[in-house]
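Observations on the model geometry
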Amino acid sequence: MKSPLDKHIAIVFHSLQPKRKEMWWRAVLNFPPGSDENTILEITMEDGNGKSVDYAIFAFAGKRLVVKNGKTSISYADFIRGKHEKALWVYRRAMPPIPGALTFT
């Protein structure tokens, strides 16, 4: 599997909105043009106020990815292997785990 050579693709995930805006999260999975199984895909994450999430664990594609300063990554191969995994959660200190879902923006 390979992404188009001439297009950047971004997949956006959002939290299922808790009451407090600072608990919200938004993650963007970026596929650079021509990505293949050897590409490392960057994921950026921000809270409901548009600030980078300092530290979190992002349960995504069957992995538990460490988010630091609003960034983490996953290999394209790991993303493909875990694409059917339904668990999508963000775990942050002093907050309950917050589930999320794929969104269309």
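Residues numbered from 1 in each chain as written. Predicted model: local features only at pLDDT ≥ 70, side-chain atom pairs only at ≥ 80, totals over all residues. Heavy atoms only, no water.

**What to know about the environment of A59**
Take A59: it is sitting in strand β4 (residues 55–60). Taking the relative accessible area as the measure of exposure, A59 reaches 8% and is therefore buried. As a C-alpha pair, A59 and P99 span 40 residues in sequence and 9.2 Å in three-dimensional space. With sequence-adjacent residues up to four places away left out, A59 is seen in contact with R64, A87, L88, W89 and Y91. (Helix = DSSP H or I, 4+ residues; strand = E, 2+ residues; numbered from the N terminus. Buried < 20%, exposed > 50% of the residue type's maximum accessible area, 1.4 Å probe, protein only. Contact = heavy atoms within 4.5 Å.)

**Concerning the side chain of T39**
The topology assignment puts T39 in the loop between β2 (25–31) and β3 (40–47). Residues within four places of T39 in sequence aside, it is in contact with P32, I74, S75 and Y76.

**Some words on the layout of surface pockets**
There is about 270 Å³ of room inside the largest pocket. What lines the largest pocket is a set of 16 residues, among which I11, F13, F60, F79 and L102 lie closest to the centre. For the lining of the largest pocket, the elements supplying multiple residues, two or more each, are β1 (9–15) and β8 (98–103). Looking at the lining of the largest pocket, the element that brings in the most residues is β1, giving 4 residues. Looking at side-chain class alone, the lining of the largest pocket contains 11 nonpolar, 3 polar and 2 charged residues. Its volume calculated, the second largest pocket comes out at about 180 Å³. (1 Å grid on protein atoms, 1.4 Å probe; cavity = no way out; pocket = protein on both sides within 12 Å on 5 of 7 lines; lining within 4 Å. Points joined across faces, edges and corners; volume = space filled by probe spheres on them. Nonpolar A, V, L, I, M, F, W, Y, C, P; charged D, E, K, R; others polar.)

**Concerning the pattern of salt bridges**
Under the definition given, this model contains 3 salt bridges. When the shortest N-O distance is used, the salt bridge between R20 and E22 registers 2.6 Å. Note that D78 is salt-bridged to R81, the shortest N-O span being 2.4 Å. Of this pair, D78 and R81 both sit in helix α1 (residues 76–81), 3 residues apart, which is roughly one turn of the helix. The class of R81 is exposed, set by a relative accessible area of 63%. Counted as one network, the salt bridges with shared partners bring together K63, D78 and R81. (Salt bridge = Lys/Arg side-chain N within 4 Å of Asp/Glu carboxyl O.)

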